[in-house]
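Chain and residue survey
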Amino acid sequence: MSSFQHQHAAHCESGVISNLLRHHGVPMTESLAFGLSSALSFAYLPFVKLSGLPLIAYRMPPKSIIKGLLSPLAARFRFETFRSAAAGQARLDGLLAAGKVVGLQTSVYWLPYFPPDMRFHFNAHNLLVYGKSGDDYLISDPVFEEPVRCASADLTRARFAKGVLAPKGLLYYPESIGRQDITPDAVRKAIRKTCRMMLAPVPIAGVKGMRLLARKVAGLPAGDAHTTAYIGHIVRMQEEIGTGGAGFRFIYAAFLQEAAQLAQMPQLAGFSDRLTTIGDGWRAFALKAARMVKGREPVDPPAIAARLREQAALEEAFFRDLKASLG
């Protein structure tokens, strides 16, 4: 579809939904999509394993950004999964022939346009398909600066990868969008929801989840290979998979800048600056952990745990103050 405009983004799901909504006439930025859907979070899930190590998430689960925008925009989306790859490909081809731009959930590992060192078994990568040329799909993958092509066999394999968060051929597209403007009430509601999530009493979620992870790390033996792998896994979950801890804080900080105008709450601009500083702390944490994993510093689990507790304290104070600012 020649009218579709690709835009590069920091994160796949927020980039996909903002590109898709702009295509349908909604003035949506990536940061507004991320903040309005209350996507910022933290969760330490030891019972969900990725390569034998616990899932550590810095955002809400896959599809939360897309589904979180339905209410503010009075929108309806259709989500479809498939039992067979053939049915999934036929449905995608039919939608493209009808002129639809279609969102997909895929595995990064099987997308050949990713450089080899960036491919790993992560099944919740989102992208848009806006057309087909011969056997190639025309893809807007928001983490790439330009549109790309992907052979049908490769895309089908990526759509039907097995494992944790298996996409089952998931595709989605809007059926209707009832509102194109963002109300101040929708902005305030979204911020309150994020504050509740980050300050939740559940031990695995929000700032409590950070402290639980810190206790786990503090108890790891310094000289053990598993400890190094565990710390490396934290860094990868934070900075490589799905934009990560620092990146999501920066996106939410940008949302607060927009929200200051949309909700007519100028005090939110100060919170934006404050969260940017917290994001810098997450980046410094990742750098220190990476230096340990690469052998440039001694592996020091208590030091990593102390940094996690420091970030938890900063975020707890931040979200308590942000909640109070809403009145």
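Refer to the structure printed above.
Now for a quick tour of the structure.

Quick notes on the rules
- Per-chain numbering applies: the sequence of each chain, read as written, is numbered from 1 onward.
- Two thresholds apply to this predicted model, a pLDDT of at least 70 for residue-level local features and 80 or more for giving and counting side-chain atom pairs, whereas whole-chain, interface and lining totals are computed over all residues.
- The basis for every side-chain value is the complete set of non-hydrogen atoms in the structure, without hydrogens or water.
- A run of H or I in DSSP becomes a helix once it reaches four residues, and a run of E becomes a strand once it reaches two; helices and strands are each numbered from the N terminus.
- Only C-alpha atoms enter the radius of gyration, while the globule expectation follows 2.2 Å times N to the 0.38, with N the number of residues.
- The buried label applies to any residue whose accessible area, calculated with a 1.4 Å probe on protein chains only, is under 20% of its type's maximum; exposed applies above 50%, and partly exposed to all values in between.
- Every residue pair with non-hydrogen atoms within 4.5 Å of one another is taken to be in contact.
- Each accessible area is a Shrake-Rupley result for a 1.4 Å probe, and residues are judged covered by the shown protein chains and nothing else.
- The sign given to each residue is positive for Lys and Arg and negative for Asp and Glu; His and the chain ends receive no count.
- A charged residue contributes its charge at one atom only: NZ of Lys, CZ of Arg, CG of Asp or CD of Glu.
- Only the contacting stretch of a helix is used when fitting its axis, a line to C-alpha atoms as for every element, and angles between N-to-C directions run 0 to 180 degrees.
- Oblique is the label for every angle not falling under 35 degrees (roughly parallel), over 145 degrees (roughly antiparallel), or within 65 to 115 degrees (roughly perpendicular).
- In this classification, the charged set is Asp, Glu, Lys and Arg, the nonpolar set is Ala, Val, Leu, Ile, Met, Phe, Trp, Tyr, Cys and Pro, and all remaining amino acids, among them Gly, are polar.
- Each nonpolar core is a collection of buried residues, namely Ala, Val, Leu, Ile, Met, Phe, Trp, Tyr and Cys, held together in the definition by side-chain atoms within 4.5 Å.
- Pairing between strands requires that DSSP locate at least two bridges from one strand to the other.
- Note on definitions: the grid is 1 Å and covers protein atoms alone; a cavity is a set of points where a 1.4 Å probe fits but cannot get out; a pocket is an open set with protein on both sides within 12 Å along at least five of seven lines; lining residues have an atom within 4 Å of a point.
- Grid points are joined across faces, edges and corners, and a volume is the space filled by probe spheres set on the points.

If you tally the helices and strands in the chain, you get 11 helices and eight strands. On C-alpha atoms alone, the chain measures out to a radius of gyration of 20 Å, which is about the 20 Å that the 2.2 N^0.38 rule sets for 327 residues. Taken over the C-alpha atoms alone, the chain extends approximately 55 × 50 × 30 Å along its principal axes. Taken across its 327 residues, the chain has 53% of its residues classed as buried. In the chain, the proportion of contacts linking residues at least 24 apart, taken out of those at least 6 apart, comes to 69%. In the form shown here, the chain has an accessible surface area of approximately 13900 Å², with 54% of it arising from carbon and sulfur atoms. On the chain, the mean spot of the 39 positive side-chain charges and the mean spot of the 26 negative ones are 8 Å from each other.

A few words on the packing of helix H7 (residues 206-218) against helix H11 (residues 301-325). Contact geometry for H7 and H11: axes closest at 8 Å, N-to-C directions at 170°. When the interaxial angle is binned, H7 and H11 end up roughly antiparallel. Residues Val207, Met210, Arg211, Leu213, Ala214, Arg215, Val217 and Ala218 of H7 touch H11, and the partners they reach there are Pro301, Ile304, Ala305, Leu308, Arg309, Gln311, Ala312, Ala313, Glu315 and Glu316. Looking at the contact of H7 with H11 residue by residue, the classes come out as 12 nonpolar, one polar and five charged.

A few words now on the nonpolar core. Met28, Phe42, Ile191, Leu213, Leu268 and Trp282 are the most contacted members of the largest nonpolar core, which totals 83 residues. Not counting residues up to four positions away in its chain, the partners in contact with Met28 are Ser18, Leu21, Arg22, Ala33, Leu36, Leu69, Leu73 and Ile182. Grouped together as the second largest cluster of nonpolar side chains are 25 residues, Val108, Leu127, Ile139 and Ala158 included.

Glancing now at the sheet that holds strand S8 (residues 171-177). Strand order across the open sheet formed by six strands is S3-S8-S4-S5-S6-S7, with antiparallel pairing between neighbours. Only two strands of the sheet have a single neighbouring strand rather than two, namely strand S3 (75-80) and strand S7 (148-151). Averaged over all adjacent pairs, the angle separating strand axes in this sheet is 40°, with direction ignored. Two elements, strand S4 (residues 102-106) and strand S5 (residues 125-133), share five bridges in a ladder whose sense is antiparallel. Within the sheet, the bridge partner assigned to Leu104 lies in S5 and is Leu127.

One pass over the full model with this rule turns up one cavity of 30 Å³ or more. Of the voids in this model, the largest cavity is the one considered here, and its volume is about 50 Å³. In terms of lining residues, the largest cavity is bounded by Val48, Leu50, Leu55, His121, Phe122, Asn123, Val164 and Leu165. Broken down by class, the residue content of the lining of the largest cavity amounts to six nonpolar, two polar and no charged.

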